[in-house]
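# Notes for the structure review
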Amino acid sequence: MKRADIVGLDKAHVWHPYTAMEAYIAETDPLVVARSEGPYLHDVDGTRYLDANGSWWVSTLGHRHPRLLRALAEQAATLPHVSLAGITHEPAALLASELAAIAPGSDRPDLPASERLARVFYSDNGSTAVEVAIKMAAQYWAQNGHPRRTRFITLSGAFHGETMGATSVGGVPLFREVFGPLLFDVVHAPSPAEEGGWARAFEQVQAALRAHPDEIAGVILEPVLQGAAGMLMYSPDFVRAVREATREVDTFLIADEVFTGLGRTGARFAVDLAGVVPDMLCLAKALSGGILPFGATLATERVFSGFLGPSSRALYYGHSYCGNPLGAAIAREVLAVYRDEDVMGQVARKAPLVKAAFERMAATIPGLVRPRAVGMVGALDLGGGGYLARGGWRVYEAARRRGLYLRPMGDTVYIAPALNISEEALEELLSGVEASLREVASG
């Protein structure tokens, strides 16, 4: 099809996510992506773009990694899909074992068996991985002696997904206020990245836990890095302190590592930076390899044991495609690529380049503030206009002219590229971002 025909059909029928559609239809000349490879997207007109955000943070191994495509084809040739309700298959069983083997705490011989993240519940994406954890926590307490534990503590600026439960524990007002009457009550604490730092945020988390120990089902965090809030970063000390506070009142810590898991922050899991083991850990994005939707919620043996017994105690939750063989086979190959290609070593070598570049940009370009970086994420702000501000979109247009696909969050400009991006492509990306920021600052 011709480009104009594709755009015409798109604007006539497609409702895009996170997009003001009236302006999009009237004003936007969208990228029309025809193919992808490695860190690059290729438009139908032949233009190549560096994908600066890994297509919403899922393509941590780049696009169309040949080993992932081979795993997909091999699995599709034998078993594309089967329900996981009461039956099993090899990819799901092997993947669960492999996830348990690399989970936080798996290398600690002193960790009690009850605290090991040895159980894996599959789902379709990050939102449902969080929804699973919410339901696990609520049902666990309901049938194990604490039926009043129905509230969760979450952070300002938190983003945990799009389903109603995940929206309820979110903390970005723009994404949740319109649904207010439909959401369950939560306790919001300040973000540890806000003014006052993590100590102030922790005081409020601890106070809520101590004031309502019989009401709190759990604390849910995006450890170290709050992505959708504008790439807000905070000290692992906060995660460590919250872990101790939840132990004090014997409630759950849920780590939402949908974005941060599998290397994004420089550690295999962001909670590893704090040296803690949560009671539940949510994964998706990187686990999918950017090939098929796939999610998983890891739970400790203690949580799992709370559902044993009569059939009335089972977790009656699931999705048609949870643990599907194609997604599980790809996820297994993702973990294998991480091992074989030393992806974590690559992150360690390239993360300092990201940090240095964003600090240099903020120091030398007028109007840029709050440079920050962790692992393979770098961000800075053009003022403080928030999510609906348009400053970042001027940078987007300047970057597009330079062959970069750079999706901002309001006035926050950031990169979260493939973890295995070559140093040459990374330098191309960083220099393109810097030139785009200079163009906007000067004009």
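A few points on the structure. From a predicted model like this one, the values you see are computed outputs, not experimental measurements. (Residues numbered from 1 in each chain as written. Predicted model: local features only at pLDDT ≥ 70, side-chain atom pairs only at ≥ 80, totals over all residues. Heavy atoms only, no water.)

## Comments concerning the overall build of the chain
Cut-off, in case you're wondering: Runs of E in the DSSP output that reach at least two residues are strands. Runs of H or I that reach at least four are helices, and both are numbered from the N terminus. Type-normalised accessible area, obtained with a 1.4 Å probe on protein chains alone, sets the label of each residue: buried when under 20%, exposed when over 50%, and partly exposed for intermediate values. Contact criterion: two residues are considered in contact whenever any of their non-hydrogen atoms come within 4.5 Å of each other. For every accessible area listed, the method is Shrake-Rupley and the probe measures 1.4 Å; residues are considered covered only by the protein chains on display. The convention is simple: Lys and Arg are positive, Asp and Glu are negative, and His and the chain ends are not counted. A charged residue contributes its charge at one atom only: NZ of Lys, CZ of Arg, CG of Asp or CD of Glu.
When you go through the chain residue by residue, the secondary structure sums to 16 helices and 16 strands. Dimensions of the chain, computed from C-alpha atoms along their principal axes, come out at roughly 65 × 55 × 45 Å. For the chain, the residues scored as buried account for 55% of the 443 residues in total. Counted over contacts in the chain with a minimum sequence separation of 6, partners at least 24 positions apart contribute 70%. Of the roughly 18,600 Å² of accessible surface on the chain, a fraction of 55% belongs to carbon and sulfur atoms. Charge separation in the chain, taken as the distance between the mean sites of 41 positive and 49 negative side-chain charges, equals 0 Å.

## As for the sheet that holds strand β2 (residues 40–43)
This is how it is decided: When DSSP finds two or more bridges between a pair of strands, those strands are recorded as paired.
One open sheet accounts for 4 strands, arranged β1-β2-β3-β15; its pairing is mixed. Sheet topology places β1 (33–37) and β15 (404–405) at the edges, where each strand pairs with a single neighbour. In terms of strand pairing, β2 meets strand β3 (residues 48–51) through 3 bridges, oriented antiparallel. The residue bridging Leu-41 from the neighbouring strand is Tyr-49, located in β3.

## As for the environment of Arg-35
Looking at where Arg-35 falls in the secondary structure, it is placed in strand β1. The exposure class assigned to Arg-35 is partly exposed, which follows from its relative accessible area of 45%. Sequence-wise, Arg-35 and Arg-64 are 29 residues apart; in three dimensions their C-alpha atoms are separated by 9.3 Å. Leaving out residues up to four positions away in the same chain, Arg-35 has contacts with Leu-41 and His-42.

## Re helix α13 (residues 325–340)
Here is the rule: Take the residue count of a helix, subtract one, and multiply by 1.5 Å to get its expected span.
Between the first and last C-alpha of α13 there are 22 Å, a value that for 16 residues agrees with the 22 Å anticipated at 1.5 Å per step. The element α13 is extensively covered by neighbouring structure, given that 13 of its 16 residues are classed as buried. Positive backbone phi, at 50°, marks Asp-342, one or two positions downstream of α13.

## Regarding the environment of Leu-426
Secondary-structure assignment places Leu-426 in helix α16 (residues 423–442). With 165 residues separating them in the primary sequence, Leu-426 and Gly-261 have C-alpha atoms 21 Å apart. Filtering out sequence-adjacent residues up to four positions away, Leu-426 remains in contact with Lys-350, Leu-353, Val-354, Ile-415, Pro-417 and Ile-421.

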